[in-house]
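Reading the structure
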Amino acid sequence: MIKKVYIDTSVVGGYFDEEFEFWTKIFFESVKKHEFQIVISELLTEELKHAPEFIRNFLDDFPTEHKVYVELTEDVEILAKQYINSQIVGVKSLADCRHIATATVNEIEILTSWNFKHIVNLNKIHLYNGVNLQSGYRTVEIRTPREIVNYED
């Protein structure tokens, strides 16, 4: 079974960023090889509208069978606000919380990001998952693309 991986905006941008491109390109090659199916949220689509055209259209090159789309729902909004109310991050990081909540509510096992400040941060991951469990959801693995790809020389 192909693993579904929720991607946030930093992963799409990482493909074009010198610091993150190596591992991001390996991740997207893994998607093309059917090792992963990328989960694209309504939030990601909305955030990409503000990006340069080549970034905005990047995901268009992937066939439909490589992508799953999920929407922002009331349950996502409630959970994202619970992260804020639990003071994991401040209200300015609501979009980051929505990404995590979207993956959680849609039961996506893995979320991948290059956002080390608010998302891929061990202390915060434990706190997000604590709120998830208290709210009746399962935990979500939050990792960088480098941590989830099968890489061999």
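Here, the structure is the one placed above.
Quick look at the structure, then. This structure is a prediction, so every number in the text was calculated from the model and none was measured. (Residues numbered from 1 in each chain as written. Predicted model: local features only at pLDDT ≥ 70, side-chain atom pairs only at ≥ 80, totals over all residues. Heavy atoms only, no water.)

**Notes on the environment of V149**
Test applied: Here a strand is any run of E in DSSP of at least two residues, a helix any run of H or I of at least four, and the numbering for each starts at the N terminus.
With respect to the helices, strands and loops of the structure, V149 is situated in the segment after α8 (145-148). Considering only alpha carbons, one finds V149 and L94, 55 residues apart in sequence, at a separation of 28 Å.

**Side note on the packing of aromatic side chains**
Here is the rule: When two rings of Phe, Tyr or Trp (its six-membered ring) have centres within 6.5 Å they constitute a pair, described as stacked for plane angles under 30 degrees, edge-to-face for angles over 60, and tilted for the intermediate range. Accessibility here uses a 1.4 Å probe with only protein chains present; expressed as a share of the type maximum, an area under 20% marks a residue as buried, one over 50% as exposed, and anything in between as partly exposed. Working rule: Lys NZ or Arg CZ, within 6 Å of ring centre, within 35 degrees of ring normal, means a charge sits over the ring.
All chains considered together, the criterion is met by 15 aromatic pairs. Plain terms: the ring middles of F58 and F62 are 5.5 Å apart, the flat faces sit at 70 degrees to each other, and that makes the pair edge-to-face. Judged by centre distance (4.9 Å) and plane angle (75 degrees), the rings of Y83 and Y128 are edge-to-face. Separated by 45 residues along the polypeptide, Y83 in helix α5 (residues 74-85) and Y128 in helix α7 (residues 122-134) bring together distant segments of the chain. Y128 matches Y83 in its accessibility class, with the two residues each being buried. Its guanidinium or amino end placed over the ring of Y15, K25 lies 5.1 Å from that ring's centre, counting from NZ or CZ.

**A look at helix α2 (residues 21-32)**
Residues spaced three or four apart along an α-helix face the same direction, because each turn holds 3.6 residues. For the record, the criterion: One less than the number of residues in a helix, times 1.5 Å, gives the span that helix is expected to have.
Over its 12 residues, α2 extends 16 Å from the first C-alpha to the last, a length consistent with the 16 Å expected when each residue adds 1.5 Å. H34, located one to two residues past α2, shows a positive phi value of around 70 degrees.

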